[in-house]
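Single-letter residue listing:
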Amino acid sequence: MKANVSSSREIVPTKALSSLFTPKKLLTWTGIPIIFVIFLLPIYRLIALSFQKDGAFALTNYTTILQDPTTWSVIQNTLIIVVGSTAISVTLGVSFAWLVAYTDLRAKKLMQIFIILPFVIPSYISTLAWTQFFGASGLFQKVASLLPFSVPDINLYSLAGIIFVLGLSHYPLVYLLSVSVLRKIPRELEQATRVSGASRWTTFLKVTIPLALPGIASGGFLAFLANLDNFGIPAFLGIPANISVLSTYIYQQVVGFGPSAFANAATLSVILGVIALLGTLFQWLLLRKSKRIETTTEDKQPRYYLGKKKIWIEVMLWCFFLLTGVIPLVSMAMTSLLTAYGVDFTLENISLKNYQFILDTSPKAKQAFFNSVTLASLTTIIGIVVGTAFAYYRIRKPNPLNKWTEISIGLPYALPGTVMALSMIFAWMEPLPGWNPGIYGSIMILFIAYITRFLILQVRGSITAVMQVDISMEEAAQVSGSNGWAKWRKILIPLLLPGVLSGAFLVFLTALTELTVSSLLWSSNSETIGVVIFGYEQAGYSTYSTAFSSLIVGLIILGFFLLYVLESFWNRKVGKQS
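Residues numbered from 1 in each chain as written. Predicted model: local features only at pLDDT ≥ 70, side-chain atom pairs only at ≥ 80, totals over all residues. Heavy atoms only, no water.

## Some points on the side chain of S545
Here's step 1: Its location among the elements puts S545 in helix α24 (residues 542-577).
Here's step 2: Judged by its relative accessible area of 0%, S545 is buried.
Here's step 3: Side chain to side chain, S545 and E537 meet in a polar contact 2.8 Å long.
Here's step 4: Here S545 is in contact with L128, I533, Y536 and E537, once residues within four sequence places are set aside. (Helix = DSSP H or I, 4+ residues; strand = E, 2+ residues; numbered from the N terminus. Buried < 20%, exposed > 50% of the residue type's maximum accessible area, 1.4 Å probe, protein only. Polar contact = N/O pair within 3.5 Å; in protein donor to acceptor, adjacent residues only side chain to side chain. Contact = heavy atoms within 4.5 Å.)

Rendered as structure tokens:
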């Protein structure tokens, strides 16, 4: 008996030790440090540096920065621009969402494409298009010269110009999150209010808006973050006019290479992060007492018939879409065809030499295109494998560790891009004291930064795809003897592929046209498309920047077309098999 007890005491610790090395726990114990190093350590390093002076804890950086009048001027510009552009985004986004969700407008699917278009096109390319449209030789001036009365010039290189372009670029975020919530509001509730004697306007204010508030506030918050984070628009329009916001001021501090450049940039980054957190707090206060809609079914039937006003509203909407989504791009394409910037658009002045320069002559442009495509492709492939595997595990095996892992992966994307780029410098310039692996200053840091920032996009896309596959289908496959790879090959991959590809396309597109992070992390021979276009515009080569931008817009449209064809083909194939 004693021998048995002694034997069992020896076996139990051995089993406990061996249980730590099961594949599942081994994955957990190796995954936690990787998540910490890649996603959390850079943010910690950034915050720590802002509180250091000569290697010791100090508030000197903050007192110096906050006593500088320039800092308060930059913060004031930032708040004015973010509040103004968010107000435009919310007004346009909610208006379009209500019209599409509630009224009997025609061609709503086509309208939705034009509503989303400003968000799909990179903001710095949209800015280029708008500057060409309102430029001295742009379409606006040519049309204005034909009018019998004088039209004042519109200067986009101003606070109002930055607010205008930012507001137009980010209103699709408000639309996308509001239209679905509006469709889920029970029409019986609004009808009951009307029967009780309330007018349409009263019903809208006291029933529709309060119930739609979660979607509107979430969309407004995303637009707020996008306007706060944006680098391209303030850089293209603000820097030439000496208008600085926090994102461009941080960039100017870093490229200034002063003795305290990184410390000042880290401190300003923390201030920028605090403003983003204040926005999060405001959203929480707004939603704290809001009512959630329980129904999950979207009612897509019209609730208001516009009658005779419908044709006029449709004409105004299509004029708006053409003016904001098509004409500026056409104006940019026209500039890209000119032999010299500023000459009239006539047959004598039209040439393809700018495109030849981008595609053939310029080694910098070709290298940037190769770098961006390589970085975007690698980020997308790793995102598909790692992001989809985590998404599957997150949905099928929910637990607190998975939830915190998802939050950690999403944190770098929630941070402003300049803050995130700076944190990557501090984390990888010297990962361990006294050890510089040479990552900072090479294209490798861009690759790590893209993975860190964009992996959450694939995770969210794949989570949505996994949630649409009922677990009973996997159980049926297991009962039929299909386990492991056979289950994935025959059941999961065919069903998940459209959703996974949509997320992958978003990752590829975002990485391909990225500018904010790249502007602080690029080095010689690691320029990206956004950096080169920004450089051409800053140097005054507008014909080259517009030609490169026009090529990118063409590739984006081609990518959307190929994705649409692929999804249609795959859905028909899966439909026939089922």
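## With respect to a nonpolar patch on the surface
Here's step 1: A cluster of nonpolar side chains, namely F369, L555, L558, F561, L562, Y564 and V565, defines an oily patch on the protein surface of about 690 Å² accessible area.
Here's step 2: Residue contributions to the nonpolar patch peak at six residues, all from α24.
Here's step 3: Mapping F561 onto the fold places it in helix α24.
Here's step 4: A relative accessible area of 51% means that F561 is categorised as exposed. (Patch = residues over 30% accessible without salt bridge, like charges linked within 9 Å, V, L, I, M, F, W, Y side chains within 5 Å. Areas by Shrake-Rupley, 256 points an atom, 1.4 Å probe, with all protein chains shown as cover. Salt bridge = Lys/Arg side-chain N within 4 Å of Asp/Glu carboxyl O.)

## Quick notes on empty space enclosed by the protein
Here's step 1: For the structure shown, the criterion picks out two cavities of 30 Å³ or more.
Here's step 2: Considered as a void within the structure, the largest cavity measures approximately 120 Å³ in volume.
Here's step 3: If you trace the largest cavity, you find 13 residues lining it, with P118, S126, W130, T324 and G325 closest to the centre.
Here's step 4: Every element with two or more residues in the lining of the largest cavity is listed here: α5 (108-120), α6 (123-134), α8 (159-184) and α14 (309-336). (1 Å grid on protein atoms, 1.4 Å probe; cavity = no way out; pocket = protein on both sides within 12 Å on 5 of 7 lines; lining within 4 Å. Points joined across faces, edges and corners; volume = space filled by probe spheres on them.)

## Considerations on the pattern of salt bridges
Here's step 1: Evaluation of the coordinates by the stated rule reveals nine salt bridges.
Here's step 2: Across the pair K310 and D104 runs a salt bridge whose closest N-O atoms are separated by 3.7 Å. Taken together, the positions of K310 in helix α14 and D104 in the loop between α4 (69-102) and α5 put the pair 206 residues apart, joining distant regions of the chain. Take K310 and D104: they sit in the same class, and that class is buried.
Here's step 3: For E314, the salt bridge is made with R106, and the minimal N-O distance between the two is 2.6 Å. Separated by 208 residues along the polypeptide, E314 in helix α14 and R106 in the loop between α4 and α5 bring together distant segments of the chain.
Here's step 4: For E314, a relative accessible area of 7% translates into the label buried.
Here's step 5: Classification of R106 by relative accessible area gives partly exposed; the value is 46%.

## Some thoughts on unusual backbone geometry
Here's step 1: One non-glycine residue with positive phi stands out, namely N242, at about 60 degrees.
Here's step 2: Note that N242 resides in the loop between α11 (232-238) and α12 (246-256).
Here's step 3: Phi at N525 takes a positive value of approximately 70 degrees, unusual for a residue other than glycine.
Here's step 4: Look at N525 and you get exposed, because its relative accessible area is 57%.

## Side note on the nonpolar core
Here's step 1: Core analysis: the biggest nonpolar cluster contains 82 residues, and L246, L422, L521 and F548 have the highest contact counts within it.
Here's step 2: With near-sequence residues (within four places) excluded, L422 lies in contact with L46, I250, V254, F262, A265, A266 and S269. (Core = buried A, V, L, I, M, F, W, Y, C linked by side-chain atoms within 4.5 Å.)

## Topic: the packing of aromatic side chains
Here's step 1: Scanning all chains against the criterion turns up 35 aromatic pairs.
Here's step 2: Centre to centre, the rings of W201 and F204 are 5.6 Å apart; their planes meet at 20 degrees, and the pair counts as stacked. With W201 and F204 both in helix α10 (residues 200-229), this residue pair falls three residues apart, about one helical turn.
Here's step 3: Members of the aromatic cluster, joined through ring pairs, are F96, F114, Y171, W318, F320 and F321.
Here's step 4: R303 extends its terminal NZ or CZ atom over the ring of Y102, reaching a point 4.6 Å from the ring centre. (Phe/Tyr/Trp six-rings, centres within 6.5 Å; stacked < 30°, edge-to-face > 60°. Lys NZ or Arg CZ within 6 Å of the ring centre and 35° of its normal.)

## As for the environment of F224
Here's step 1: Summarising the element assignment, F224 is placed in helix α10.
Here's step 2: For F224, a relative accessible area of 17% puts it in the buried group.
Here's step 3: Taking C-alpha positions, F224 is 25 Å from K206, a pair spaced 18 residues apart along the chain.
Here's step 4: When neighbours within four sequence positions are excluded, F224 is seen to be in contact with V82, T86, I275, A276 and G279.

## Side note on the side chain of N354
Here's step 1: Position of N354 relative to the elements: it lies in helix α15 (residues 353-361).
Here's step 2: In this structure, N354 is in contact with T335, S336, L337, L338, T543, Y544 and A547, ignoring residues within four places of it in sequence.

## Digging into the layout of surface pockets
Here's step 1: In this structure, the second largest pocket occupies an estimated 860 Å³ of space.
Here's step 2: Around the second largest pocket, the lining is made up of 30 residues, and of these L27, G31, I35, F390 and T405 lie nearest the centre.
Here's step 3: Every element with two or more residues in the lining of the second largest pocket is listed here: α2 (23-50), α16 (363-396), α17 (400-414) and α19 (443-467).
Here's step 4: With 13 residues, α2 is the single largest residue contributor to the lining of the second largest pocket.

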